Amino acid sequence: MKLSDLKLSTKLIGGFAIVLALATAQSLYGVYVLKQVNDKSTEISENWLPSVKLTSDLNTNTSDFRVAQLQHVLASDNAAMNAFEKEMVEVTATFEKNRSSYVKLISSDEERKLYEAFDSEWKKYLSFQPELLKLSRAQKTAEAQALINGEARKAFDTASAVLIKLIDLNQAGADKASKEGDVLYATGRAASLGALALMVLIGGITGWALSRSISRNVNQAKDAAERIAAGDLTVDVRSDGKDETAQLLQALQGMKDNLTSIVGGVRQNAEGVATASAQIAQGNQDLSQRTEEQAAALEETAASMEQLSSTVNQNADNAKQANQLALGASTVAIEGGEVVSQVVTTMKGINDSSKKIADI
């Protein structure tokens, strides 16, 4: 199906749907990336960095504890020893607090193994504490120094080395999480910019195609309407597609065809009227000629009527004379009738007499 076959509403909805889908996908992916970055940030702030701090604090605690031990060995009076023993108790309490907090943050098998190795070596180191305090209290400084710098030092150095590894491991974890966050940020930024570019491209192409499709047909419809309004019915209105603008062009084509048919009929009727007018003019001319001839005939008729009137007057006079003659003739006829009646009577008498003579 061609783009021009779709309705304008379908085109517009489709175009906006594509842009909205891309915008939605971009937003969802952006939220996903932000969540990943936030997770990495949370991991750094709530795990790696606290672990680095706590392991560093543990390292400080162990160092403070050993320093207090060395000072205890070197002390010569009970008051100083008591102070150093109190300090070692306080450091041990702080150590246990930091250790308890750190254990909750262990997040890998490697880290747990290192911690267990450290814990084992530190306990081994602490195992020398009772003997060391005993020797220090007894002012056996040389033996105490031999112990603290001998087997105890080996355990302390091993524990410290493992603790340094824990610090390095957590620092490396923090650095890795930070780098992963940077990668996620860069990936998310690139994906967002790519989606934005794609959205702009598709939106631009869709808008250009829609505006071109609509403006082309609308401009053609405008030009056709202007030419038809100016009386030019030879305009050729072409429409491609089935959208509303194509239907508008089809309607204009139908209107033009109907106007052409109507104008043709009006022209034919006008030609008929012109022919009839010519015939009427010719008839009027003939009628005028006949009227002139009739007027001449009427003049002749008037003259004849005058002659006839004179003749009628003469005939009236003659009729009067004839009437008088007729009256005279009637009188004579009446008188003649009486004579004839007498003659008939006489003839009847003669006839009767003749019959009698015959009978005789």
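Details of the structure are given in the entry above.
Reading the values: the criteria
- Residues numbered from 1 in each chain as written.
- Predicted model: local features only at pLDDT ≥ 70, side-chain atom pairs only at ≥ 80, totals over all residues.
- Heavy atoms only, no water.
- Helix = DSSP H or I, 4+ residues; strand = E, 2+ residues; numbered from the N terminus.
- Buried < 20%, exposed > 50% of the residue type's maximum accessible area, 1.4 Å probe, protein only.
- Contact = heavy atoms within 4.5 Å.
- Areas by Shrake-Rupley, 256 points an atom, 1.4 Å probe, with all protein chains shown as cover.
- Phe/Tyr/Trp six-rings, centres within 6.5 Å; stacked < 30°, edge-to-face > 60°.
- Lys NZ or Arg CZ within 6 Å of the ring centre and 35° of its normal.

Asker: An account of the overall build of the protein chain is needed here, citing residue identities and associated values.
Answerer: Each helix and strand counted, the protein chain has seven helices and zero strands in total. For the protein chain, the sequential pattern of α-helices and β-strands runs α-α-α-α-α-α-α. Evaluated residue by residue, the protein chain yields a buried proportion of 24% over its 360 residues. Considering only contacts in the protein chain between residues 6 or more positions apart, those separated by 24 or more positions represent 76%. Roughly 23,400 Å² of accessible area belongs to the protein chain as shown, and the carbon and sulfur atoms make up 59% of that amount.

Asker: Residues and numbers for the packing of aromatic side chains, please.
Answerer: Counted under the stated rule, the structure contains eight aromatic pairs. An aromatic cluster is built from Phe65, Phe95, Phe118, Trp122, Tyr125 and Phe156, whose rings are joined through pairwise contacts. A cation over an aromatic ring shows up here: Arg66 above the ring of Phe156, its NZ or CZ 5.2 Å from the ring centre.

Asker: Which residues make up the environment of Met199, and what values go with them?
Answerer: Positionally, Met199 belongs in helix H6 (residues 151–229). Owing to a relative accessible area of 14%, Met199 belongs among the buried residues under this scheme. Distance in space between the C-alpha atoms of Met199 and Val19 is 5.8 Å, their sequence separation being 180 residues. Ignoring anything within four residues of it in the chain, the contact list for Met199 reads Val19, Leu22, Ala23 and Gln26.

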